[in-house]
Amino acid sequence: MEQPEPAEGWPDEPLSEAAASDLLEGDVVAVWVMDHDDGVRSVALPPGAPDDAVVDVVLETTEAFEMYSYSRGQWMDYGTQRKDDDEAPSMAGTLQSYRVLAGDSDAL
């Protein structure tokens, strides 16, 4: 996995669930989100964030998983893991902590 870099074209605040669902377009087949406990949310979310704020997103395409996380006031791009990369660790363990917000996935 690559070192995270600021995500280009992402907003300066966490996404609402509706905005995260809107990422289901083009070749994205599923939008995965992580539901954090209140302790993590109190640290990660700025004041005034929506109650359904999303701070961790995995966009699943037919060929890969693209990982993003909101941290310190900006979205970070954690890179892309291709589904056909036999050298990469399985995404199954990671995705067990997420739920499909929009779309259909055959990853698990």
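Refer to the structure above for everything that follows.
Everything in this summary refers to the structure shown in the same document.

Rules and cut-offs
Residues numbered from 1 in each chain as written. Predicted model: local features only at pLDDT ≥ 70, side-chain atom pairs only at ≥ 80, totals over all residues. Heavy atoms only, no water. Helix = DSSP H or I, 4+ residues; strand = E, 2+ residues; numbered from the N terminus. Rg over C-alpha atoms; globule rule 2.2 N^0.38 Å. Buried < 20%, exposed > 50% of the residue type's maximum accessible area, 1.4 Å probe, protein only. Contact = heavy atoms within 4.5 Å. Areas by Shrake-Rupley, 256 points an atom, 1.4 Å probe, with all protein chains shown as cover. Salt bridge = Lys/Arg side-chain N within 4 Å of Asp/Glu carboxyl O.

Take the overall build of the protein chain next. Along the backbone of the protein chain there are 3 helices and 6 strands. Walking the protein chain from its N terminus toward its C terminus, one meets helices and strands in the order β-α-β-α-β-β-β-α-β. Rg of the C-alpha trace for the protein chain: 13 Å, near the compact-globule value of 13 Å for 108 residues, within the 12% margin. Counting only residues that meet the buried cut, the protein chain has 35% of its 108 residues in that class. Partitioning the contacts of the protein chain with sequence separation of at least 6, the portion at a separation of at least 24 is 63%. For the protein chain, the exposed area adds up to about 6,500 Å²; of that, 44% sits on carbon and sulfur atoms.

With that settled, consider the pattern of salt bridges. Taken as a whole and assessed by the stated rule, the structure comprises 5 salt bridges. We note a salt bridge from Glu 60 to Lys 83, for which the minimum N-O separation is 2.8 Å. With a gap of 23 residues between them, Glu 60 in strand S3 (residues 56–61) and Lys 83 in the loop between strand S5 (74–82) and helix H3 (92–95) connect regions that are remote in the sequence. Here Arg 82 makes a salt bridge to Glu 63, at a shortest N to O gap of 3.6 Å. Here Glu 63 lies in the loop between S3 and strand S4 (64–71) and Arg 82 lies in strand S5, a separation of 19 residues in the sequence. Within the structure, one salt-bridge network assembled from shared partners comprises Glu 17, Asp 35 and Arg 99.

Function-wise, these values are silent; they only describe arrangement.
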